[in-house]
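The lines below spell out each chain.
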Amino acid sequence: MNRCPSGIELERAYWTPSDAARVHALACARCTAELAEIQSLIAAGRAIEPSPQSADRREEIRTTLLVRRPAAKVERRLPRWWQLAPVAAAAAAAILWFAWPRGESGTQEVAEGRRGTVMAHGDAHYMLMSPQPDEIVRLVDGTLTVQVQPLARGERFRVVTADGEVEVVGTAFDVTAEADRLVAVRVIHGVVRVRDAGGQLHVLEAGQAWRPAATREPVLIGPPAPEPVVDPQPVPRQMQKQIDPPPAAPGRSDGQRAFDDGWNALRAERFDEAASAFARAAQNGPGRVAEDAGYWQAVALARAGHSAKAARAFDSFLAAWPSSTRAGEASAMLGWILFDARDYQGAARRFRAAVKDPAARVRKSAADGLNAIRQAGR
Amino acid sequence: MSRVIPIRRVGGDASEMSDESLVAACATGENAALGALYDRHVDAVRRFLARMSGTDDRDLDDLVQATFETVPRAARRFGGDSQVRTWLFGVANNVARHHVRSEVRRKRLASAFAEERREAGDTGAEVMERERAQRLQAAIAALPDKLREAFVLVYLEGIAGGEVAKLLGVREGTIWKRLFQARARLRESLGGVYP
């Protein structure tokens, strides 16, 4: 090639060593200057690096990813929010985060690829999330006794709530959550690390217990610890005796049975059926059941994709139970539904009501919502 | 999906699986595979997003999370015809594209970069070097989306033009044209031939 290649041809020549124009370009002062410019831009551009990500932030994102439900099951619920903005994703994540149904009452779960044996006390609400090498149990409400086999190098086991987590290395312990808040941990043997709502780490040894500083009322964290055992497997007989039996069915009211039906339907992802059952529970259940049912009815409607109905249900819940421990979560979720519907004023009001929630995740979701509204120019 | 190997569960150590196997496992909803993919590529994805979006650290981490949250859904469309890292950049690019759509945001970013902060102990040469990098980053952030994604993917991430063309769904010649246009715009923004 005798003529100088065009700028476009030079780009191709730079990145394609066999390109014919390259021969000319390397021998031509004008073309060589352009190639040098390309080289300088590459070098200068590649030198631009973001500030390093903190280990805590990296871990926080990783945990958030791992405690999500498998994407295959949630895909149909998310498209519009994902397309709006990354902050809107927090809304979907929040709904999923708070919508996990309970495990089997009073049963022991051991699954493939897992090191932990989970025994639920009563009607604890929990779900086995990711397997090893980073095994996570998501606990929403109730008490679990957890027995963890010795972990191999690189393996982890954690129980995660909305506001904290308990990490163990070959041990057995009780962990209790109330309304998605970590409220008690008691170590039977081994060592656990508790990360509280403020991000502070507490290391507990056998016989030691932890509760958050501002627990409002005494929390029952299960029976006394058994004697320490050397071999953590199989589950010590003493411990098995201490597991509370499932609640006796005959004593349950209509509202409680409806609530159970709602949970079963929610767990099976039959969201419309769950919403109906929770609605019955909200009408017929005693106070605490009615409160929980109102909240989960709204969540089920949201998961079913009935945004308008979910918004009304969250609104009713907040009106009926303004001081509920779930009020912040409900406000944040309602805020995102309103944001999605472009009701920015209503969304802002709900987000503002959630910005001081005790749970960091709820506060972040609310702050993200307010930011999203500002970015939308409202 | 017929081209994705179905894997029901990640057995053993997920970190020993190939990238392609991890993506296939992600497609079936295996969170452990997603965790391994995250561990393996989070730094590259984060750096790519920083270059593409030019956002601050808080927004950047939100974009990283949004990218990996999108991965399981996107994994079902992964055909294995590009490297997984390149495919992840494509997923991240879609996330970033929505994020930086606002021209106002980019202009604000560009002006933020112009505010130079001298740190104690910096030599004159270091200050000049940092100023120069900030000007370049602001100029990259101000490029139109299509020019910026070609520039970042080829110039900064070193991905072959043909692979970028497939990723963006355009002809290879279009990539060379966009690179030329991006370079011309940068030259104009930076006041002459670089450096």
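All values reported here derive from a predicted model rather than from experimental measurement.

**Digging into the pairing of strand 6 (residues 172–178) of chain A**
Residues and elements named next belong to chain A.
And then number 1: Burial within strand 6 is extensive, with six of its seven residues counted as buried.
And then number 2: The pairing of strand 6 with strand 7 (residues 181–189) spans seven bridges and is antiparallel. Directly across from alanine 177, in strand 7, lies its bridge partner leucine 182.

**Details of the interface of chain A and chain B**
And then number 1: Contacts between the two partners involve 49 residues from chain A, matched on the other side by 53 residues from chain B.
And then number 2: Buried area between chain A and chain B, both sides added, is near 4900 Å², and the carbon and sulfur share of it is 58%.
And then number 3: Of all residues in chain A, Leu41, Ile48 and Leu65 of chain A give up the largest surface area on contact with chain B, accounting jointly for 14% of the area buried on that side.
And then number 4: Counting across the interface, chain A meets chain B through eight salt bridges.
And then number 5: The salt bridge partner of arginine 187 of chain B is glutamate 37 of chain A, with a shortest N-O separation of 2.8 Å.
And then number 6: Linking chain A with chain B are 14 residue pairs in polar contact (both at pLDDT 80 or more), by the criterion used here.

**Section: the environment of valine 355 of chain A**
Residue and element names in this part refer to chain A.
And then number 1: Structurally, the position occupied by valine 355 is in the loop between helix 14 (344–354) and helix 15 (360–375).
And then number 2: On a C-alpha basis, the gap between valine 355 and serine 365 in space is 8.2 Å, while along the polypeptide they are ten residues apart.
And then number 3: Once residues within four sequence positions are removed from consideration, valine 355 is found in contact with Arg363, Ala366, Ala367 and Leu370.

**Focus: the confidence of the model for chain B**
Residues and elements named next belong to chain B.
And then number 1: On average, residues of chain B carry a pLDDT of 78, and 75% of them reach 70 or more.
And then number 2: Helix 5 (residues 103–114) is the least confidently modelled element of chain B, averaging 46 in pLDDT, while helix 7 (residues 145–156) averages 93, the highest of any element.
And then number 3: Counting interchain partners and residues more than four positions distant, the pLDDT-below-50 stretch residues 1–12 has 23 contacts.
And then number 4: Low pLDDT, under 50, characterises residues 109–120; the stretch is placed with 16 contacts to residues that sit more than four places away or in other chains.

**Comments concerning the packing of helix 7 of chain B against helix 9 (residues 172–190) of chain B**
All names here are of chain B.
And then number 1: Interaxial distance between helix 7 and helix 9 falls to 8 Å at its minimum, and their mutual angle equals 100°. Relative to helix 9, the element helix 7 lies roughly perpendicular. Counting all contacts with helix 7, which are made through Lys146, Leu147, Glu149, Ala150, Phe151, Val154 and Tyr155, the residues of helix 9 involved are Ile175, Arg178, Leu179, Gln181, Ala182, Arg183, Arg185 and Leu186.
And then number 2: Looking at the contact of helix 7 with helix 9 residue by residue, the class counts come to nine nonpolar, one polar and five charged.

**Describing the confidence of the model for chain A**
All names here are of chain A.
And then number 1: With 74% of its residues at a pLDDT of at least 70, chain A reaches an overall mean of 72.
And then number 2: Element-level pLDDT for chain A is lowest in helix 8 (residues 237–242), with a mean of 34, against a maximum mean of 90 in helix 14.
And then number 3: A low-confidence stretch, residues 70–108 stays under pLDDT 50, and its non-local contacts, those more than four residues away or across chains, total 131 contacts.
And then number 4: This model gives residues 215–250 a pLDDT under 50, and the stretch forms 61 contacts once residues within four places in sequence are excluded.

**Observations concerning the pattern of salt bridges**
And then number 1: All chains considered together, the criterion is met by 28 salt bridges over all chains.
And then number 2: Residue arginine 158 of chain A pairs with aspartate 134 of chain A through a salt bridge whose shortest N-O separation is 2.7 Å. Highlighted residues: arginine 158 of chain A in strand 4 (residues 156–160) and aspartate 134 of chain A in strand 3 (residues 134–148), separated in sequence by 24 residues. For the pair shown, arginine 158 of chain A and aspartate 134 of chain A are each scored as buried.
And then number 3: What you see here is one network of salt bridges that share partners, running through Glu59, Arg62, Asp134, Arg156, Arg158, Glu165, Glu167 and Arg193 of chain A together with Asp39 of chain B.

Definitions and cut-offs
- Residues numbered from 1 in each chain as written.
- Chains lettered and ligands numbered in written order.
- Predicted model: local features only at pLDDT ≥ 70, side-chain atom pairs only at ≥ 80, totals over all residues.
- Heavy atoms only, no water.
- Buried < 20%, exposed > 50% of the residue type's maximum accessible area, 1.4 Å probe, protein only.
- Helix = DSSP H or I, 4+ residues; strand = E, 2+ residues; numbered from the N terminus.
- Pairing = 2+ DSSP bridges.
- Contact = heavy atoms within 4.5 Å.
- Buried area = accessible area lost by both parts, 1.4 Å probe.
- Salt bridge = Lys/Arg side-chain N within 4 Å of Asp/Glu carboxyl O.
- Polar contact = N/O pair within 3.5 Å; in protein donor to acceptor, adjacent residues only side chain to side chain.
- pLDDT = per-residue confidence, 0-100.
- Axes fitted to C-alpha atoms, helices over the stretch in contact; angles between N-to-C directions.
- Parallel < 35°, antiparallel > 145°, perpendicular 65-115°, else oblique.
- Nonpolar A, V, L, I, M, F, W, Y, C, P; charged D, E, K, R; others polar.

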